[in-house]
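Topology and contacts: notes
Next come the chains, spelled out residue by residue.
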Amino acid sequence: MKQYFTGSLNSYKTSKMFEQIADYEVIYTLNERDALHLEERMIKENTPKYNIKLVYSSKSPYIKVFIDSKNLIKFGFSEKVSKKHNSENEFYYGPLFYNDEHKNFIDVLKSFYTYKEGILITKQSYREAKIIFDEIIEIFKFKNNDFVNKLYDEELRFASLFEFDNAIKYQKAQEFLRKTKEPQVTEIEKIFKVDYIVFKQINNIALVGVKSYNYGITTNFFIKYFYW
């Protein structure tokens, strides 16, 4: 916000927007990802005059991994988790936000798991597909450290060949995993509103904290101190 009030953003749009500000509100979130989730939701709900970057963006907050009828691994995106999905053959990961490198990450996964020795896999048994499927799920659950090492090795390999575009691709895939491993309040995004109250006593001081979540985003947080 400081960049707007100090004039470091010197565009015509910014100056006009600043002239029309009557009031503003600060909402605290636990991390950058939750802040971006909140920003995305508020822009789509309020359709602001100046910040319309996300108003018409496609809604695809979940990565979908599944085994199709031909026993092939497929990747896609979904606006929500299907209530009737088969957990044995179908997996959803998210929610994501627009700034995630999820499309790049999916491309990297495809290069590892839908090709064999450079040739697209067009036929395999269900058992073979299930082994691959379970391995991919382990990646999204951060239980597959071998895959992280493979990403790093591929980055170094392409860099040594001066194929820097490919090296960056694998570097971004590693960054995607690092970012998505951050603690996420948005896991409770399906709940409309949740309030938590925390009480702690330290000698003659009582601390009472109240935190409110609206669809998984921290919308209010304050602490009161009481002495006696």
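Residues numbered from 1 in each chain as written. Predicted model: local features only at pLDDT ≥ 70, side-chain atom pairs only at ≥ 80, totals over all residues. Heavy atoms only, no water.

An unreviewed UniProt entry annotates the protein as Excinuclease ABC subunit C originating from Mycoplasmopsis edwardii.

1. Focus: the packing of aromatic side chains
Tallying each qualifying case throughout the model produces 11 aromatic pairs. Here Phe 105 and Phe 147 contribute two aromatic rings whose centre-to-centre distance is 6.3 Å and whose plane-to-plane angle is 85 degrees, an arrangement assigned as edge-to-face. Note that Phe 105 is positioned in helix α4 (residues 102-113) and Phe 147 in helix α6 (residues 145-160), a separation of 42 residues in sequence. Across this residue pair, the class does not change: Phe 105 and Phe 147 are buried. For the pair Phe 112 and Phe 147, a centre-to-centre distance of 5.2 Å together with 65 degrees between the ring planes defines the contact as edge-to-face. Of this pair, Phe 112 sits in helix α4 while Phe 147 sits in helix α6, and the two are 35 residues apart along the sequence. What links up through ring pairs into an aromatic cluster is the set Phe 91, Tyr 93, Phe 105, Phe 112, Tyr 113, Phe 140, Phe 147, Phe 158, Tyr 170 and Phe 176. It is Lys 64 that lies over the ring of Phe 66; its NZ or CZ is 4.8 Å from the centre. (Phe/Tyr/Trp six-rings, centres within 6.5 Å; stacked < 30°, edge-to-face > 60°. Helix = DSSP H or I, 4+ residues; strand = E, 2+ residues; numbered from the N terminus. Buried < 20%, exposed > 50% of the residue type's maximum accessible area, 1.4 Å probe, protein only. Lys NZ or Arg CZ within 6 Å of the ring centre and 35° of its normal.)

2. Some points on the sheet that holds strand β2 (residues 73-78)
If you trace the 3 strands from one edge of the open sheet to the other, you get β2-β1-β3, paired in antiparallel fashion. In this open sheet, the two edge strands, each paired with only one partner strand, are β2 and β3 (90-93). Between one strand and the next, the sheet's axes are offset by a mean angle of 20 degrees, whatever the strand orientation. Sheet topology note: the strand β1 (residues 62-67)/β3 ladder contains 4 bridges and is antiparallel. Looking at β3, one finds that Lys 64 is bridged to Tyr 92. Packing against the sheet, helix α5 (residues 126-140) makes contact with β1, β2 and β3, and its axis sits at approximately 160 degrees to β1. (Pairing = 2+ DSSP bridges. Axes fitted to C-alpha atoms, helices over the stretch in contact; angles between N-to-C directions. Contact = heavy atoms within 4.5 Å.)

3. So, the nonpolar core
Burial of nonpolar side chains together is a common tendency in soluble globular proteins. If you look at the biggest cluster of nonpolar residues, it comprises 28 residues, and the most contacted ones within it are Ile 73, Phe 105, Leu 109, Phe 140 and Phe 147. Broken down by secondary-structure element, the contributors of at least two residues to this core are β1, β2, β3, α4, α5, α6 and α7 (164-180). At 7 residues, α5 tops the list of elements feeding residues into this core. With near-sequence residues (within four places) excluded, Phe 140 lies in contact with Ile 63, Val 65, Phe 91, Tyr 93, Phe 105 and Leu 109. (Core = buried A, V, L, I, M, F, W, Y, C linked by side-chain atoms within 4.5 Å.)

4. Structural notes on the pattern of salt bridges
Counting across every chain of the model gives 5 salt bridges. Where Arg 157 meets Glu 154, a salt bridge forms, and the shortest distance between an N and an O atom there is 3.0 Å. Taken together, the positions of Arg 157 and Glu 154, both in helix α6 and 3 residues apart, correspond to about one turn of that helix. By relative accessible area, which is 18% here, Glu 154 ends up buried. (Salt bridge = Lys/Arg side-chain N within 4 Å of Asp/Glu carboxyl O.)

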